[in-house]
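Report on the structure
Residue-level listing of the chains:
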Amino acid sequence: MKESQENKITNLFQIKYPIIQGGMIWHSGWKLASAVSNCGGLGLIGAGSMYPDILRENIQKCKLATSKPFGVNVPMLYPNLEEIFKIILEEKIKIVFTSAGNPKTYTEILQKEGIKVAHVVSSTKFAIKCEEANVDAVVAEGFEAGGHNGRDETTTFCLIPNVRKNISKPLIAAGGIALGSQMKAAMILGADGVQIGSRFAATEEASSHETWKNKITELNEGDTHLTLKELAPVRMVKNNFYNSLENLYESGRNKEALKETLGRARAKRGMFEGDLEEGELEIGQVSALISEILPVEKVFENLLEEFNSSDFSKF
């Protein structure tokens, strides 16, 4: 990728490279977001795992750590939404990524305040709804991705070209992207940029527990699975907690029992506190390609070098 290259995503967000860091719960604090923005990408603070006062603190610290654009990711299935958006407006955030909800709910309200809005979807049908809601960009995420996901299990390579055929808005590919060659492939398929989660989860600046970061580097193919479709589909590592959920399925897919098991701060316990057996560990399939914890600056260096050296003419 040439230093001077511009496209729809770099122009929209006023960034150097069309690389967005996913707003992952328990990973995406101000240190990670500011580091990504300082490298020329778009850093996102993950509001999903933050109480409103913690979100405000992270926003204010991020402002001090970078003069570059950054944004906030808001999963709309979490509580305190009105308070979260109030803080976003008060702190004059200019970029918001929303997910897990109707894109119409807040898009117009935010855009009236001069905020650029991107919405995350897992299907072409919902990408079209995003276009109808007049979002500024669409993130199409394949089911390879970690964390909350779509029910249809459509892969990124199938999703991106289909979404591209059906919408005209700037398109960001997500799910299964950790290498520069994967980034180039996504853009050849029609994406204008990429959103990367798992690779940034295993960085020095991520706010998650070191034990969990080390575990990410040890994962192999097949070590994660998409489960909990009855509630909100989520991809997680197979561990004791995952096995306890599978046992509940065997007893009849009792939704209430699933909710009770989930309602014990399992995600925080796993990813933030480092309990690798009884915590919920959310990560994408691409973790099998991640072998070391790196500083964000090195991740960018690798991504750009791989992107530029990928030769797709060898056929």
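Above this note sits the structure.
In this text the structure is predicted, and so the values were computed from the model without any measurement.

For the rest of this paragraph, the subject is helix α6 (residues 124–132). Where α6 is concerned, the buried positions are Thr-124, Ala-127 and Cys-130. Projection of α6 onto a plane perpendicular to its axis shows the buried side chains occupying an angular sector of 105 degrees, all on one side. Pointing more than 90 degrees away from the buried face of α6 are the exposed residues Lys-125 and Glu-132. Contacts made by the buried residues of α6 are with β5 (116–121), β6 (137–141) and α7 (156–166). The first or second residue beyond α6 is Asn-134, which carries a positive phi of 65 degrees.

Two numbers describe a pair of aromatic rings. These are the distance of the centres and the angle of the planes. Tallying each qualifying case throughout the model produces 5 aromatic pairs. Measuring from ring centre to ring centre gives 5.7 Å for Phe-13 and Phe-97, while their planes differ by 40 degrees; the resulting arrangement is tilted. With a gap of 84 residues between them, Phe-13 in helix α1 (residues 8–13) and Phe-97 in strand β4 (residues 95–99) connect regions that are remote in the sequence. Residues Phe-13 and Phe-97 agree in their burial class; the two are buried. Pairing Tyr-17 with Phe-300 gives two aromatic rings, centres 6.4 Å apart and planes at 45 degrees, and the pair type is tilted. Separated by 283 residues along the polypeptide, Tyr-17 in the loop between α1 and β1 (19–21) and Phe-300 in helix α14 (residues 296–309) bring together distant segments of the chain. The residues Tyr-17 and Phe-300 share a single accessibility class, namely buried. Of the aromatic side chains, those joined through ring pairs into one cluster are Tyr-17, Phe-200 and Phe-300.

For the rest of this paragraph, the subject is the nonpolar core. The nonpolar side chains of a soluble globular protein tend to be buried, and buried together. Ranked by size, the top nonpolar core spans 48 residues in total, and within it Ile-19, Val-138 and Phe-200 carry the most contacts. At 6 residues, the largest contribution of residues to this core is made by α14. If we ignore the near neighbours within four places in the chain, the residues touching Ile-19 are Gly-41, Leu-42, Met-183, Val-194, Ile-196, Phe-200, Phe-300, Leu-303 and Leu-304.

The subject of this paragraph is the pattern of salt bridges. Scanning the entire structure with this criterion turns up 12 salt bridges. Note that Arg-266 and Glu-278 form a salt bridge whose closest N and O atoms lie 3.7 Å from each other. Of this pair, Arg-266 sits in helix α13 (residues 266–272) while Glu-278 sits in the loop between α13 and α14, and the two are 12 residues apart along the sequence. Among the ionic contacts, a cluster of salt bridges with common partners joins Arg-56, Lys-63, Lys-86, Glu-90 and Glu-91.

This brings us to the sheet that holds strand β10 (residues 224–227). Strand order in the open sheet formed by 3 strands is β7-β11-β10, with antiparallel pairing between adjacent strands. With partners counted over all chains shown, the strands left at the sheet margins are β7 (147–148) and β10, one partner each. As paired strands, β10 and strand β11 (residues 234–237) are joined by 4 bridges and run antiparallel to one another. Of the residues in β11, the one forming a bridge with Thr-224 is Val-237.

With respect to topology, 8 strands assemble into an open sheet ordered β1-β9-β8-β6-β5-β4-β3-β2, the strand pairing being parallel. The open sheet has two free edges, formed respectively by β1 and β2 (43–46), since each of these has just one partner strand. Going from strand to strand, the sheet's axes swing by 25 degrees on average, the running direction of each strand aside. Its contacts with the sheet put α7 on β6 and β8 (171–174), and the angle it makes with β8 is roughly 170 degrees.

This brings us to the packing of α6 against α7. Interhelical geometry of α6 versus α7 gives an angle of 35 degrees and a closest axis separation of 9 Å. Between α6 and α7 the crossing geometry is right-handed. Residue-level contacts link Thr-124, Ala-127, Ile-128 and Glu-131 of α6 to Leu-159, Asn-162, Val-163 and Asn-166 of α7. Considering only residue class, the contact of α6 with α7 consists of 4 nonpolar, 3 polar and 1 charged.

The phi torsion at Ala-100 lies on the positive side, around 55 degrees, for a residue other than glycine. Residue Ala-100 is classed as partly exposed on the basis of its relative accessible area of 42%. Phi is positive for Glu-153, close to 60 degrees, though the residue is something other than glycine. With respect to the secondary-structure elements, Glu-153 resides in the loop between β7 and α7. For Glu-153, a relative accessible area of 36% corresponds to the partly exposed category.

The rules we used
Residue positions are given per chain, counting from 1 as you read along its sequence in written order. Local features in this predicted model are restricted to residues of pLDDT 70 or higher, and side-chain atom pairs are both shown and tallied only at a pLDDT of 80 or more, whereas totals for entire chains, interfaces and linings draw on every residue. Excluded from the side-chain calculation are hydrogens and water; included are all heavy atoms of the structure. The cut-offs for exposure are 20% and 50% of the maximum accessible area for each residue type, with area from a 1.4 Å probe on protein chains only; residues under the lower value are buried, those over the upper are exposed, and the others partly exposed. Helix and strand definitions here come from DSSP, where helices need a minimum of 4 consecutive H or I residues and strands a minimum of 2 consecutive E residues; each element is numbered from the N-terminal end. Directions drawn from the helix axis to the C-beta atoms are what define this arc. Note on definitions: a residue-residue contact is assigned when non-hydrogen atoms from the two residues lie within 4.5 Å. Aromatic rings from Phe, Tyr and Trp, with only the six-membered ring used for Trp, were paired whenever their centres fell within 6.5 Å, and each pair was classed as stacked if the ring planes differed by under 30 degrees, edge-to-face if by over 60, and tilted otherwise. What we call a nonpolar core is a set of buried Ala, Val, Leu, Ile, Met, Phe, Trp, Tyr and Cys residues that are connected through their side-chain atoms within 4.5 Å. Note on definitions: salt bridges are taken to be side-chain nitrogens of Lys or Arg within 4 Å of carboxyl oxygens of Asp or Glu. At least two bridges found by DSSP between two strands are what make those strands a pair. As a rule, the C-alpha atoms of each element are fitted with a line to give its axis, helices using only the stretch in contact, and angles between N-to-C directions run from 0 to 180 degrees. Handedness of a crossing follows from how the near helix is turned relative to the far one, being left-handed for an anticlockwise turn of less than a right angle and right-handed for a clockwise one. Each residue gets one of three labels, nonpolar for Ala, Val, Leu, Ile, Met, Phe, Trp, Tyr, Cys and Pro, charged for Asp, Glu, Lys and Arg, and polar for the others, Gly among them.

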